[in-house]
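Each chain is listed here by its residues.
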Amino acid sequence: MSYIDIIKNRRSIYDLNDQLPVSEKVVVNTIKHVTVESPTAFNMQSSHLVILMNDDHKKLWEIVTNTLKKQVEESKFASTQAKMDMFSKAKGTILFFDDRHVIDQLKKDFPLYQNQFDMFADHSMGLLQGNIWNALAELKMGASLQHYNPLIDDEVKRQWEIPEYYRLTAQMVFGGIGSIPEPKEKMDADDRVIVYSNNS
Ligand SMILES: Cc1cc2nc3c(=O)[nH]c(=O)nc-3n(C[C@H](O)[C@H](O)[C@H](O)COP(=O)(O)O)c2cc1C
């Protein structure tokens, strides 16, 4: 499959199940490879991942559900519960964290760029998440990107003994594909990409 075909196959897929087309080991090794090979600003490598599968994955969505129960009105909770049940049915979730110590140290070491390092860390994190999302698509798996941080941070850190100075940035739910969503409307490439290529 060409690279363009792989990234075309990456979608936000919510209808997921726990039947993977490959072994758990292949999934874990793929995520590890992508993490090591994805570039980071100043080679800072500030992103850390925790892969939750099976009962640990279900525990995460129980934590999210219980946290949201305290925030959402009881009469409106049915749709939230349905969403939580949908995520829980998947195989796993990747938790993405930034190591704040690494980022703060770089701010001290390179004062000229100190205002840029949070942005660099976010960009590096985005690249990593995109690369993993694409790699899972290549394995014919589905995934969606969720952001229940910072609501769930304290409980997640307690449950899986995550260092206090790690910042949770996203949760990527993954699994076997139940159904693929309808295509989304996309702007024309020429409205977003402008080319100047004068030769003098
Ligand atoms: C940085 C980023 C944050 C996103 N956050 C969420 C989110 O919190 N919840 C969600 O359901 N989808 C989230 N998405 C998915 C986007 O809504 C989705 O990628 C976009 O609508 C295009 O659809 P597609 O992924 O099916 O191509 C996020 C995507 C990106 C790139």
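Residues numbered from 1 in each chain as written. Predicted model: local features only at pLDDT ≥ 70, side-chain atom pairs only at ≥ 80, totals over all residues. Heavy atoms only, no water.

Draft legend 1. Region of the structure containing the environment of Ile13. Tracing the sequence through the fold places Ile13 in the loop between α1 (3–9) and β1 (16–17). Considered as a pair, Ile13 and Glu185 are 172 residues apart in the sequence and their alpha carbons are 16 Å apart. Those residues within four positions of Ile13 in sequence are excluded, and the remaining contacts are Gly142, Ala143, Ser144, Ile177, Ser179 and Pro181. (Helix = DSSP H or I, 4+ residues; strand = E, 2+ residues; numbered from the N terminus. Contact = heavy atoms within 4.5 Å.)

Draft legend 2. Spotlight on the pattern of salt bridges. One pass over the full model with this rule turns up 10 salt bridges. The shortest N-O distance in the salt bridge between Arg167 and Asp98 comes to 2.9 Å. One end of the pair, Arg167, is in strand β5 (residues 166–177); the other, Asp98, is in strand β3 (residues 92–99), with 69 residues separating them in the sequence. Classification of Arg167 as partly exposed rests on a relative accessible area of 32%. Taking the shortest distance from any N to any O, the salt bridge between Glu164 and Lys157 comes out at 3.7 Å. On the accessibility criterion, Glu164 (60% relative accessible area) is exposed. Note on Lys157: relative accessible area 11%, which makes it buried. (Salt bridge = Lys/Arg side-chain N within 4 Å of Asp/Glu carboxyl O. Buried < 20%, exposed > 50% of the residue type's maximum accessible area, 1.4 Å probe, protein only.)

Draft legend 3. Up close: the site of the ligand. Close to the ligand lie Arg10, Arg11, Ser12, Tyr14, Trp133, Leu145, Gln146, His147 and Lys184. At a separation of 2.8 Å, an oxygen atom of the ligand approaches a polar side-chain atom of Arg10. Within the side chain of Arg11, a nitrogen or oxygen atom sits 2.8 Å from an oxygen atom of the ligand. Compared with its free state, where it exposes 620 Å², the ligand has 57% of that area covered by protein. The class makeup of the residues in the shell around the ligand is 3 nonpolar, 3 polar and 3 charged. (Near = heavy atom within 4 Å. Polar contact = N/O pair within 3.5 Å; in protein donor to acceptor, adjacent residues only side chain to side chain. Areas by Shrake-Rupley, 256 points an atom, 1.4 Å probe, with all protein chains shown as cover. Nonpolar A, V, L, I, M, F, W, Y, C, P; charged D, E, K, R; others polar.)

Draft legend 4. Examining helix α7 (residues 153–160) more closely. Here α7 has its buried residues at Asp153, Val156, Lys157 and Trp160. Axial view of α7: buried residues confined to an arc of 100 degrees, hence all on one face. Facing away from the buried surface of α7 by more than 90 degrees, the exposed residues are Asp154 and Arg158. For α7, the secondary structure elements touched by its buried residues are β2 (47–53), α3 (55–69), β3 and β5. (Arc of directions from axis to C-beta.)

Draft legend 5. Here's a closer look at the packing of helix α2 (residues 24–37) against helix α6 (residues 117–138). Between α2 and α6, the shortest axis-to-axis distance is 9 Å and the interhelical angle comes to 145 degrees. Here α2 and α6 pass one another in a crossing that is right-handed. Residues Val27, Thr30, Ile31, Val34 and Thr35 of α2 touch α6, and the partners they reach there are Leu128, Asn131, Ile132, Ala135 and Leu136. In terms of residue class, the contact of α2 with α6 is made up of 7 nonpolar, 3 polar and no charged. (Axes fitted to C-alpha atoms, helices over the stretch in contact; angles between N-to-C directions. Left-handed = near helix turned anticlockwise from the far one by under 90°.)

Draft legend 6. Focus on the packing of aromatic side chains. In the structure shown here, the tally under the stated rule is 10 aromatic pairs. Each ring, one from Trp61 and one from Phe87, has its centre 4.7 Å from the other, and the planes form 40 degrees; the classification is tilted. Here Trp61, found in helix α3, pairs with Phe87, found in helix α4 (residues 77–88); they are 26 residues apart in sequence, far enough to count as distant. A single burial state applies to Trp61 and to Phe87, both of which are buried. (Phe/Tyr/Trp six-rings, centres within 6.5 Å; stacked < 30°, edge-to-face > 60°.)

Draft legend 7. How the structure looks around helix α5 (residues 100–109). Among the residues of α5, Arg100, Ile103, Leu106 and Lys107 are the ones counted as buried. All buried residues of α5 project into a common sector of 130 degrees when viewed along the axis, lining one side. Each element contacted by the buried residues of α5 is listed here: β3, α6 and β5. The backbone nitrogen of His101 has a side-chain oxygen 2.9 Å away, supplied by the residue at the start of α5, namely Asp99.

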